[in-house]
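So the chains spell out like this:
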Amino acid sequence: MAFRLPNGSTFDFAETYSDDVTITAISNANPAVASATAHGFVAGDIVVVSSGWVKLTGRAFKVGTVTTDTFQLLGVNTTSTQSYPAGTSAGTAKSVDEWVNIPQITEVASSGGEQQFYQFGFLEEDEDRQIPTTKSPSTLTLTVADDPSQPYVPVVEAADELKEERIQRLNLVNGDVILYNSIASITNTPSLTRNQIMVRTITLAQQGRVTRYKAA
């Protein structure tokens with residue numbers, strides 16, 4: 001049994017990226033291995049992937065073992081050729097070059113991600129059945145103290161303006177890391193409630209399944 005408080009966790013936002021690297025193929029393996037000539041990534045880099053495998057597109061991963069022309073995508077098992085058909089995995093990847101920290105977060109809320117179901121019944125049955133279908137879109141909402149001097153503010157505002165996908169990194173106090181890839185938006189003006197600090201809201205519309213890494 002284990003439990004912990006989130007107190008002390010930090011949140012980073014991708015500021016700049018490397019150029020796109022062409023992936024010629026991704027292996028059906030655990031973890032998956034991407035082939036990319038002279039990719040330049042190093043172990044520990046955080047990359048976002050675009051691939052013919054839709055289940056990988058828009059997801060962020062940590063790079064594992066590398067060679068000159070290959071790199072591991074830690075945290076993803078692509079051994080199923082049903083989900084990851086061989087010969088259709090080519091795409092691109094790029095790594096985060098610089099991060100900017102988002103401090104003074106007063107609240108974090110998540111929504112969506114609920115399992116949806118298709119409900120049906122046969123004529124001769126007295127009770128309906130249901131089978132799982134898709135999950136609803138997930139959103140992470142950060143409430144932050146209004147502080148225009150913070151370096152992250154122009155970065156998030158620019159991402160909002162361009163509607164660009166950016167990676168976010170949540171660093172938990174126990175050393176675990178959770179990676180998101182989202183389209184960010186931020187409120188233009190702070191809240192104005194008497195006797196409460198002024199805050200702004202950053203909304204992160206997730207574009208791929210999150211990836212979690214346990215502390216080493």
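In what follows, the structure referred to is the one given above.
Colleague: Now, about the overall build of the protein: what can you tell me, with residues and values included?
Modeller: Along the protein, the regular secondary structure elements total 1 helix and 16 strands. Counting only C-alpha atoms and orienting by the principal axes, one finds that the protein spans roughly 60 × 60 × 40 Å. For the protein, contacts bridging at least 24 residues in sequence account for 68% of all contacts bridging at least 6. Per element, the accessible surface of the protein, about 12500 Å² overall, is 51% carbon and sulfur.

Colleague: If you had to explain the side chain of Asp147 to someone new, which residues and values would you point to?
Modeller: For Asp147, the location among the structural elements is in the loop between strand S12 (139-145) and helix H1 (152-162). One buried charged side chain, Asp147, makes no salt bridge at all; its nearest oppositely charged neighbour is Arg200, positioned 9.0 Å away. Within polar-contact distance, the side chain of Asp147 engages the side chain of Ser149 at 2.6 Å.

Colleague: Pulling in residues and values, what's your account of the pattern of salt bridges?
Modeller: Going through the model one piece at a time under the given rule, you end up with 6 salt bridges. The salt bridge involving Arg212 is made with Asp176; its shortest N-O contact spans 2.9 Å. One end of the pair, Arg212, is in strand S16 (residues 211-213); the other, Asp176, is in the loop between strand S13 (165-171) and strand S14 (177-186), and 36 residues separate them in sequence. The class of Asp176 is buried, set by a relative accessible area of 7%.

Colleague: So what's going on with unusual backbone geometry? Residues and values would help.
Modeller: A cis amide bond links Asn30 to the next residue, Pro31, at an omega of 0°. Along the chain, the position of Pro31 falls in the loop between strand S3 (25-26) and strand S4 (32-35). The phi torsion at Gln104 lies on the positive side, around 55°, for a residue other than glycine. Inspection of the secondary structure assignment puts Gln104 in the loop between strand S8 (91-101) and strand S9 (105-111). On the basis of relative accessible area, Gln104 is assigned to the partly exposed category, the value being 38%. Here the phi dihedral of Asn195 falls at roughly 70°; this positive angle occurs in a residue that is not glycine. With respect to the element layout, Asn195 can be found in the loop between S14 and strand S15 (199-206).

What counts and what doesn't
Residues numbered from 1 in each chain as written. Predicted model: local features only at pLDDT ≥ 70, side-chain atom pairs only at ≥ 80, totals over all residues. Heavy atoms only, no water. Helix = DSSP H or I, 4+ residues; strand = E, 2+ residues; numbered from the N terminus. Contact = heavy atoms within 4.5 Å. Areas by Shrake-Rupley, 256 points an atom, 1.4 Å probe, with all protein chains shown as cover. Buried < 20%, exposed > 50% of the residue type's maximum accessible area, 1.4 Å probe, protein only. Lys, Arg positive; Asp, Glu negative; His and termini not counted. Salt bridge = Lys/Arg side-chain N within 4 Å of Asp/Glu carboxyl O. Polar contact = N/O pair within 3.5 Å; in protein donor to acceptor, adjacent residues only side chain to side chain.

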